[in-house]
Amino acid sequence: MERIGIFGGTFNPPHIGHMQAAKQAVGLLRLDRLLMIPTRISPHKTLPEGSPSPERRLEMLRLAAADIPCAEVLDLELRREGPSYTYMTVLELKKRYPGAELLLILGTDMFLTFHTWREPGSIGANAELAVLCRGEKNENAAIEAQKSNLEAMGMHVTRVNNPVTAISSTDLRRLLIFDCAEPYLPDGVGAYIRSRGLYGTAENYRQLPMDRLEQTVVRLLDPGRVNHVLGCRDTAAALARRWGADETDAARAGLLHDITKALSPGLQLTLCREYGIFLDDFSLKNPKTLHALTGSLVADRIFGECPAVVSAIRYHTTGKAGMNLLEKIIYVADYMEPSRNFPGVEKLRELAWADMDGALKLGLEMTLALLNKQGSEVSPESREALDWLNRKERCEC
């Protein structure tokens with residue numbers, strides 16, 4: 001009996017994680033044929049504004065899957081009007097391949113919500129479910145519970161070990177804007193994207209007017225970080241007015257200070273490698289702290305910001321010895337913007353309007369105290385910044 005795998009998704013764009021998962025499925029599930037099927041309209045998520053047409057996603061997937069054994073890319077769902085419901089696809093394939101054994105390949109997230117899909121019983125009656133497991137610590141119990149529930153309903157579920165490169169299409173779209181996506185793109189896909197200017201790759205982001213800069217930044221952030229970033233922008237501009245710094249530079253640095261924050265530590269390291277940056281030992285051991293450095297690199301290389309803005313972004317988490325006024329403002333604004341809520345923030349807010357160095361010192365002291373309590377390593381730049389402020393304070397007495 002022929003074993004046929006069904007691997008669907010938006011593939012917006014297809015990346016090496018998709019292709020590695022497909023190859024794993026072919027081998028571990030002993031597939032005779034793998035059908036890769038891009039959705040026209042996903043029932044589970046809305047495609048981001050500016051996404052390529054379904055036909056272009058199909059073309060990219062064909063390029064990406066060219067070297068996968070027994071893989072075929074079908075336009076089955078693209079020819080169907082309305083949402084791409086999986087149960088309809090399974091029924092159509094059941095008719096197309098009578099007598100074949102169908103296996104629906106699902107990522108962990110989709111598998112855990114499978115019971116909420118349209119006609120899950122129909123799918124389970126006509127296809128085995130094969131869930132790709134990433135091996136993450138927190139997913140095993142949830143997968144086993146869902147597997148038990150679905151098997152109690154008469155469905156057949158198989159787990160497939162899938163330790164593939166951790167990258168999402170959302171992250172890849174960010175990396176395309178940051179000009180460092182190549183390591184995650186299958187052969188031919190990067191050239192296809194760039195030649196057609198897809199995913200914003202043809203746009204010029206250098207020195208954008210403030211309104212367009214805000215729109216661009218918001219698209220690149222995780223939604224939960226937007227209020228913080230806009231609050232930091234407004235707070236930085238207000239502090240610049242109070243202390244006589246350039247308000248425009250402060251606002252732009254506030255907007256861009258977390259531009260790479262959505263990237264995982266591994267992707268932060270990728271960006272540094274692609275930009276030719278050699279990291280010190282602290283950064284290599286603590287990649288979660290890298291977003292200040294990578295944000296400054298993107299602000300310079302992609303957004304064409306002035307050196308003052310770039311430097312303020314670079315030191316907004318650690319500080320440094322000899323900070324200038326704008327650097328101090330962005331550090332403090334990031335700490336005290338309106339959505340921040342932690343013990344000591346009100347005192348820091350009061351100081352920021354009366355004593356900028358005092359507010360900066362308090363922020364550094366609170367950071368060092370928290371890191372010490374957590375047993376985390378402290379950046380040498382933060383220690384140097386605090387030592388500098390203490391020396392400065394003694395000299396002024």
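These figures come from a predicted structure and were not determined experimentally. By convention here, each chain's residues receive numbers from 1 onward along its written sequence. The predicted origin of the model limits local features to residues at a pLDDT of at least 70 and limits the giving and counting of side-chain atom pairs to 80 or more, whereas totals for whole chains, interfaces and linings rest on all residues. Excluding hydrogens and water, the side-chain figures rest on all heavy atoms present in the structure.

Chemist: Just give me the short version of the environment of Asp 32, but keep the residues and values in it.
Modeler: A run of H or I in DSSP counts as a helix once it spans at least four residues, and a run of E counts as a strand once it spans at least two, with each numbered from the N terminus. Relative to the assigned elements, Asp 32 resides in the loop between helix 1 (16-28) and strand 2 (33-38). When the C-alpha atoms of Asp 32 and Val 226 are compared, they prove to be 46 Å apart, with 194 residues separating the residues in sequence. When checking whether two residues touch, look at their non-hydrogen atoms; a contact exists if any pair is within 4.5 Å. Each residue touching Asp 32, except ones within four places of it in the same chain, is listed here: Met 1, Glu 2, Arg 3 and Cys 70. Among the polar contacts listed, one links the side chain of Asp 32 to the backbone nitrogen of Arg 3, at a separation of 2.7 Å. N or O atoms closer than or at 3.5 Å make up a polar contact, with two conditions inside protein: a donor-capable atom paired with an acceptor-capable one, and, for residues adjacent in sequence, both atoms drawn from side chains.

Chemist: I'd like to hear about the sheet that holds strand 5 (residues 128-133), residue by residue, with values.
Modeler: Strands sit in the order 3-2-1-4-5-6 across an open sheet of 6 strands; the sheet is parallel. One side of each edge strand has no neighbouring strand; the edge strands of this open sheet are strand 3 (71-73) and strand 6 (157-161). Adjacent strand axes in the sheet meet at a mean angle of 25 degrees, parallel and antiparallel pairs treated alike. Strand pairing is defined by DSSP finding a minimum of two bridges between the two strands. With 5 bridges connecting them, strand 4 (residues 101-107) and strand 5 associate as parallel partners. Residue pairing in the sheet places Ile 105 in a bridge with Ala 130 of strand 5. Note on method: axes are straight lines fitted to C-alpha atoms, helices fitted across the in-contact stretch only, with angles between N-to-C directions ranging 0 to 180 degrees. Across the face of the sheet, helix 1 comes into contact with strand 1 (3-9), strand 2, strand 4, strand 5 and strand 6 while running at roughly 150 degrees to strand 2. Here helix 2 (residues 54-64) sits on the sheet in contact with strand 2 and strand 3, set at roughly 150 degrees to strand 2.

Chemist: Which residues make up the packing of helix 12 (residues 265-274) against helix 14 (residues 291-301), and what values go with them?
Modeler: At a closest axis distance of 10 Å, the pairing of helix 12 and helix 14 adopts a crossing angle of 45 degrees. Relative to helix 14, helix 12 is oriented oblique. For the element pair helix 12 and helix 14, the recorded crossing hand is left-handed. Each of Gln 268, Leu 271, Cys 272 and Glu 274 in helix 12 lies in contact with helix 14, whose residues at this interface are His 291, Leu 293, Thr 294, Leu 297, Val 298 and Arg 301. Of the residues assigned to the contact of helix 12 with helix 14, the class counts are 5 nonpolar, 3 polar and 2 charged. By the definition adopted for this analysis, an angle is roughly parallel if under 35 degrees, roughly antiparallel if over 145, roughly perpendicular if from 65 to 115, and oblique otherwise. For any pair of crossing helices, the crossing counts as left-handed if the nearer helix is rotated counterclockwise from the farther one by less than a right angle, and right-handed if it is rotated clockwise. Any residue outside Ala, Val, Leu, Ile, Met, Phe, Trp, Tyr, Cys, Pro, Asp, Glu, Lys and Arg is labelled polar, Gly included; the first ten of those are nonpolar and the last four are charged.

Chemist: Pulling in residues and values, what's your account of the pattern of salt bridges?
Modeler: Salt bridge, as applied in this entry: a Lys or Arg side-chain nitrogen positioned within 4 Å of an Asp or Glu carboxyl oxygen. Inspection of the entire model under this criterion finds 25 salt bridges. For Asp 234, the salt bridge identified is with Arg 233, shortest N-O distance 2.8 Å. Relative accessible area serves as the criterion here: at 44%, Asp 234 is assigned to the partly exposed category. Overlapping salt bridges bring together Glu 2, Arg 33 and Glu 72 as one network. Remark: exposure states derive from per-residue accessible area (1.4 Å probe, protein chains only) relative to the maximum for the residue type, with buried under 20%, exposed over 50%, and partly exposed in between.

Chemist: Before we move on, can you summarise the packing of aromatic side chains with the specific residues and values?
Modeler: Working definition: rings of Phe, Tyr and Trp (its six-membered ring) pair if their centres are within 6.5 Å, and the pair is stacked with planes under 30 degrees apart, edge-to-face with planes over 60 apart, and tilted otherwise. Applying the stated rule across the entire model yields 6 aromatic pairs. For the pair Phe 7 and Phe 11, a centre-to-centre distance of 5.7 Å together with 75 degrees between the ring planes defines the contact as edge-to-face. One exposure class covers both Phe 7 and Phe 11, and it is buried. Every member of this aromatic cluster is reached through a ring pair, and the members are Tyr 331, Tyr 335 and Phe 342. Of note, Arg 118 hangs over the ring of Tyr 85, and the distance from its end group to the ring centre comes to 4.3 Å. Only lysine NZ and arginine CZ atoms are considered, and such an atom sits over a ring when it is within 6 Å of the ring centre and within 35 degrees of the ring normal.

Chemist: Outline the state of the cysteines, listing residues and values.
Modeler: Criterion for a disulfide: a pair of cysteine sulfur atoms within 2.5 Å. If you walk through the whole model with that rule in mind, you get 0 disulfides. Free cysteine Cys 232: the closest other cysteine sulfur is in Cys 306, separated by 16 Å.

Chemist: I'd like to hear about the packing of helix 11 (residues 247-256) against helix 15 (residues 307-314), residue by residue, with values.
Modeler: As a packed pair, helix 11 and helix 15 sit with axes 9 Å apart at the nearest point and diverge in direction by 45 degrees. Taken together, the axis directions place helix 11 and helix 15 in an arrangement best described as oblique. As helix 11 packs across helix 15, the resulting crossing turns out to be right-handed. Along its contact with helix 11, which presents Asp 249, Arg 252, Ala 253 and Leu 256, the element helix 15 presents Ala 308, Val 309, Ala 312 and Ile 313. Looking at side-chain class alone, the contact of helix 11 with helix 15 contains 6 nonpolar, no polar and 2 charged residues.

Chemist: Hey, could you go over the environment of Pro 43 for me, with residue numbers and the actual values?
Modeler: The residue Pro 43 is located in the loop between strand 2 and helix 2 in this model. With 40 residues separating them along the chain, Pro 43 and Pro 83 place their C-alpha atoms 5.7 Å apart. If we ignore the near neighbours within four places in the chain, the residues touching Pro 43 are Pro 83, Ser 84 and Tyr 85.

Chemist: Kindly report on the side chain of Thr 89, identifying the contributing residues and their values.
Modeler: Relative to the helices and strands, Thr 89 resides in helix 3 (residues 86-96). Judged by its relative accessible area of 2%, Thr 89 is buried. Filtering out sequence-adjacent residues up to four positions away, Thr 89 remains in contact with Ile 37, Leu 76, Glu 77 and Arg 80.

Chemist: So, helix 17 (residues 345-354): which residues are in play, and what are the values?
Modeler: Those residues of helix 17 lying buried are Val 345, Leu 348, Arg 349 and Ala 352. Looking straight down helix 17, one finds its buried side chains confined to an arc of 105 degrees; they lie on one side. For helix 17, the exposed residues set more than 90 degrees away from the buried face come down to Glu 346, Lys 347, Glu 350 and Ala 354. Turning to helix 17, the residues buried within the fold contact helix 10 (226-243), helix 16 (325-336) and helix 18 (356-374). Arc definition: directions from the helix axis to the C-beta atoms.

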